[in-house]
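# Examining the three-dimensional arrangement
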Amino acid sequence: MLPSTRKDFVSLTLSESGSYSNSKQWRRQSCWRKWKQLSRLQRSLILLTLMLLLVCGIATSPTLIGHWRGMNGDDVKNSFVVDLKNEYRSILPEPPSERKDFDRRGAFGLEKLLQGKVNVSGVLGDQNHGLDLKNADKGSEGQKPIISWRGAVIEEEQASDTDTKDTENQGDPASLALAESRLEAVREAFRHAWKGYKDFAWGHDELKPISKSYGEWFGLGLTLIDALDTMWILGLQEEFAEAREWVAKELSFDKNVDVNLFESTIRILGGLLSTYHLTGDNLFLDKAKEIGFRLMPAFSTPSKIPYSDVNIGKGTAHPPRWTSDSTVAEVTSIQLEFRELSRLTGDPKYKLAVMEVMKQVHKLDGKQDGLVPMFINTNNGLFTHQGIYTLGARADSYYEYLLKQWIQGGRIEQELLEDYLQAVEGVKKNLLKKSTPLGLTFVGELSHGHFSPKMDHLVCFLPGTLALGVHYGLPADHMELAKQLIETCYQMYAQMETGLSPEIAHFNMHDGSTQDVDVKIADRHNLLRPETVESLFYLYRLTRDKRYQQWGWEILQNFNKYTRVPTGGYTSINNVRDPSYTSPRDKMESFFLGETLKYFYLLFSEDPNLISLDKYVFNTEAHPLPVWPQAE
Ligand code: DMJ
């Protein structure tokens, strides 16, 4: 029951304007009577006031303002979020591109995490909150892409960002001229490699430049597909056009051929997806969808850990003949590509298949401080050959993809980050040592508790990955380690007589040694691998220390001196220790065009927005894939 005072108030108010009645008719008549009793002046004043109120009401309505500015309701909500973001900017984490103090800030939260002082979800929860707001102002998913100067499909917001930074980062004319001459040297090297491929191996997997012939691995034009986005990035339009035509007219996946799941994912699926993103040309997306679909039988195993080989024509899959094991790096380094395929097709099956692998590996016994063994069984899903830990062959890109999946997915998948951070700690604890006489920090191997000072050239991906993590807010000491390791990787080149790294180095640790790097006879080959150049690129992009460009320049010159074949192409060599007889192996790997030359180009470029590290994440074959908007 209402209090009596209130009842009185209602009754009094209404009775003042006539007897209270619920009749609408009565109310209408009464109002009209009162209106007619007013003078003309009084009526005009009331009308004027009402009109003024109406105009003010419209002018302050957010929905209508938005409409006038050509925005929809969501945009209005977003503009509200942007206002909020601006207001609270000082307490929200900034996105990496804007972050000036990311080392310190990132290190603060995550170093505590590593010491067990902060709970993971707490730290990441904060970051995610910032990211939600960051992405809220990006507009709706349907935002129209625009075409950049090179024709790459990029977001509108990205375009203006790029334009501003371009003018800010142009540098002095002398360094620009130096950069341009080095970029041209890379384009020239690419053209030379392409000439050999075109003349002697067109449409085949690999060029054999000495014998002027070709080698077949999957019979799918591997080098051509691996090189597509490199040509695009280098601006080699003619070469790109002829390769595109081959893809359109000749490339067929309807072949009775066994392919390696990992190699065809990172080179073919990855290459097609990135070329699609750079060009916006649906031809490449259609081909990516087809190869992705044809690779799926690999996941039909008792454990859901994929087999190593798939027959893409028959739709059957199997492990190698001698084992039912798969390689850990192989089954955990196909995720960026299949996740992206799900995003583009809207079909979750690709992502579900590869994330199932990550989920299982995350929980498996047999790791040592986050370091994984090299093999996993496809029947029972358990690690096999336990006790050997390396950052080299068979394990390398597991670590790389932990970080990169976390970045790709908008930094919300905590298990990936936890596994990555734990693994870096595991490397520091178990695998890092110093060499003599220079005291170079290197990453060795552990075999059943026994340390071996052996480091594959493959491990040289690590400095770049560590630096990338720091760019995304991970502990600052990762950058210190990255700088030490890239110096070591450079020394693996510099201490050789040809200035080219061996496939595997052994580091001296005893007093009295005169050189840090030792090479066993069987390890003296160089396959034109990219890892050191890749890391030099990240280190230069993120520190702007010119030393890294200089080291890269020396390496490019040595490739030209010792591996270039006059009739076209570059060749792997058997002996980096004998400049007078390098013993060519007669093979140009597809990754020389897909990765090594691309990373050289990006290293010498002064434009941080040429494949911005804030917008793209490179797969392990150097194919850039987009970092997803937060909502996905
Ligand atoms: C490439 O196929 C990839 O970089 C892979 O991750 C490792 N091996 C080669 C390059 O060395």
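Remember, predicted model here, so these are calculated numbers, not experimental data. (Residues numbered from 1 in each chain as written. Predicted model: local features only at pLDDT ≥ 70, side-chain atom pairs only at ≥ 80, totals over all residues. Heavy atoms only, no water.)

Let us look at the overall build of the protein chain. Across its full length, the protein chain carries 23 helices and 20 strands. When contacts within the protein chain are restricted to residue pairs at least 6 apart in sequence, long-range pairs at least 24 apart make up 68% of them. Split by element, the accessible area of the protein chain, about 28200 Å² in all, is 54% carbon and sulfur. (Helix = DSSP H or I, 4+ residues; strand = E, 2+ residues; numbered from the N terminus. Contact = heavy atoms within 4.5 Å. Areas by Shrake-Rupley, 256 points an atom, 1.4 Å probe, with all protein chains shown as cover.)

Okay, the pattern of salt bridges next. In total, this model carries 31 salt bridges according to the counting rule given. A salt bridge links Lys 428 to Asp 477; its shortest N-O distance comes to 2.6 Å. Of the two residues, Lys 428 is situated in helix α18 (residues 414–430) and Asp 477 in helix α20 (residues 477–494); the sequence distance between them amounts to 49 residues. Look at the salt bridges and you will find they share partners, linking Glu 180, Glu 184, Arg 187, Arg 191 and Glu 239 into a network. (Salt bridge = Lys/Arg side-chain N within 4 Å of Asp/Glu carboxyl O.)

All right, on to the environment of Leu 295 then. Inspection of the secondary structure assignment puts Leu 295 in helix α13 (residues 282–295). A relative accessible area of 0% places Leu 295 in the buried class. In the structure, Leu 295 is positioned 55 residues away from Tyr 350 in sequence and 9.8 Å away in space, judged by C-alpha atoms. Filtering out sequence-adjacent residues up to four positions away, Leu 295 remains in contact with Val 259, Leu 261, Ser 264, Thr 265, Val 310, Ile 312 and Phe 338. (Buried < 20%, exposed > 50% of the residue type's maximum accessible area, 1.4 Å probe, protein only.)

With antiparallel pairing, the three strands of this open sheet are ordered in space as β8-β9-β10. Of all the strands in the sheet, just β8 (325–327) and β10 (383–384) have a single pairing partner and so form its edges. (Pairing = 2+ DSSP bridges.)

Another aspect to go through is the packing of aromatic side chains. In this structure the tally under the stated criterion is 24 aromatic pairs. Measuring from centroid to centroid gives 5.7 Å for Trp 194 and Trp 202, while their planes differ by 85°, and the two rings are edge-to-face. Its relative accessible area of 2% is what places Trp 194 among the buried residues. Through pairs of rings, three or more aromatic residues link up here, namely Trp 553, Phe 559, Tyr 570, Phe 592, Phe 600 and Phe 604. (Phe/Tyr/Trp six-rings, centres within 6.5 Å; stacked < 30°, edge-to-face > 60°.)

Looking at the protein chain as a whole, its pLDDT mean stands at 81, while 73% of the residues score no less than 70. Counting contacts from residues 56–168, a segment whose pLDDT is below 50, to residues more than four positions away or on other chains yields 132 contacts. (pLDDT = per-residue confidence, 0-100.)

Where burial is concerned, most of helix α15 (residues 335–345) is hidden: eight out of the 11 residues are buried. Those residues of α15 not exposed but buried are Gln 335, Leu 336, Glu 337, Phe 338, Arg 339, Glu 340, Leu 341 and Ser 342. Positioned one or two residues after α15, Gly 346 has a phi angle of 75°, which is positive.

The next point concerns helix α12 (residues 261–279). Since the α-helix turns once every 3.6 residues, residues separated by three or four places project in the same direction. Taking 1.5 Å per residue as the helical rise, α12 with its 19 residues ought to reach 27 Å, and the 25 Å between its terminal C-alpha atoms agrees with that figure. The largest bend in α12 comes to about 30°, at Gly 270. For α12, the tally of buried residues reaches 19 of 19 residues, placing the bulk of the element in the interior. At the N-terminal end of α12, a side-chain oxygen is found 2.9 Å from the backbone nitrogen of Phe 262, two or three residues along, and the residue is Asn 260. The positive-phi residue at the C-terminal boundary of α12 is Gly 280, with phi of around 75°. (Expected span 1.5 Å × (residues − 1). Bend = angle between axes of the 7 residues up to and from the residue. Polar contact = N/O pair within 3.5 Å; in protein donor to acceptor, adjacent residues only side chain to side chain.)

As a further point, take the layout of surface pockets. Estimated volume of the second largest pocket: approximately 1100 Å³. Asn 260, Phe 262, Glu 263, Glu 330 and Arg 394 are, among the 41 residues lining the second largest pocket, the residues nearest its centre. For the lining of the second largest pocket, the secondary-structure elements that each account for two or more residues are β5 (258–260), α12, β8, α14 (328–331), α17 (396–408), α21 (531–543) and α23 (590–604). Within the lining of the second largest pocket, the residues separate by chemical class into 14 nonpolar, nine polar and 18 charged. (1 Å grid on protein atoms, 1.4 Å probe; cavity = no way out; pocket = protein on both sides within 12 Å on 5 of 7 lines; lining within 4 Å. Points joined across faces, edges and corners; volume = space filled by probe spheres on them. Nonpolar A, V, L, I, M, F, W, Y, C, P; charged D, E, K, R; others polar.)

If you check the shell around the ligand, you find Ile 266, Arg 267, Leu 458, Arg 529, Pro 530, Glu 531, Phe 591, Glu 595, Thr 620 and Glu 621 and nothing else. Contact between the ligand and Glu 595: an oxygen atom at 2.8 Å from a side-chain N or O atom of the residue. When the ligand sits alone it has 290 Å² of accessible area, and the protein chains cover 92% of it. With respect to the detected pockets, the ligand is housed in the second largest pocket. For the shell around the ligand, the secondary-structure elements that each account for two or more residues are α12 and α23. Among the residues making up the shell around the ligand, the classes are represented as four nonpolar, one polar and five charged. (Near = heavy atom within 4 Å. Sits in = over half its atoms within 2 Å of the grid points.)

The sheet built from three strands is open, its strands ordered β5-β6-β7 with antiparallel pairing. Each edge of the sheet is formed by a strand with only one pairing partner; in this case those strands are β5 and β7 (316–318). Strand-to-strand twist across the sheet, computed as the mean angle between neighbouring axes with direction ignored, equals 30°. In this sheet, strand β6 (residues 309–311) lies alongside β5 in antiparallel orientation, the contact comprising three bridges. Paired with Asp 258 across the bridge in β6 is Asn 311. (Axes fitted to C-alpha atoms, helices over the stretch in contact; angles between N-to-C directions.)

Our next topic: the packing of α17 against α18. Where α17 contacts α18, the axes come no closer than 8 Å and their chain directions differ by 140°. Compared by their axis directions, α17 and α18 come out oblique. Considering the relative orientation of α17 and α18, their crossing is left-handed. Residues Tyr 398, Tyr 399, Leu 402, Leu 403, Gln 405 and Trp 406 of α17 pack against Leu 416, Leu 417, Asp 419, Tyr 420 and Ala 423 of α18. Taken together, the residues that form the contact of α17 with α18 break down as nine nonpolar, one polar and one charged. (Parallel < 35°, antiparallel > 145°, perpendicular 65-115°, else oblique. Left-handed = near helix turned anticlockwise from the far one by under 90°.)

With that settled, the discussion passes to the nonpolar core. Generally speaking, a soluble globular protein has its nonpolar side chains buried in company with each other. In this structure, Leu 228, Phe 338 and Leu 391 are the most contacted members of the largest nonpolar core, which totals 154 residues. Aside from chain neighbours lying at most four places away, what touches Leu 228 is Phe 240, Ala 243, Val 247, Leu 272, Thr 275 and Phe 284. (Core = buried A, V, L, I, M, F, W, Y, C linked by side-chain atoms within 4.5 Å.)

If you want to describe how two helices pack, look at the angle between their axes and the distance between the axes. Running from N to C, helix α9 (residues 173–200) and helix α22 (residues 546–562) point in directions that differ by 35°, and their axes come no closer than 12 Å. Relative to α22, α9 is oriented so that their crossing is left-handed. Residues Ser 175, Arg 182, Ala 185 and Val 186 of α9 lie in contact with α22, whose contacting residues are Lys 546, Gln 549, Gln 550, Trp 553 and Leu 556. Here the residues of the contact of α9 with α22 are counted per class, giving four nonpolar, three polar and two charged.

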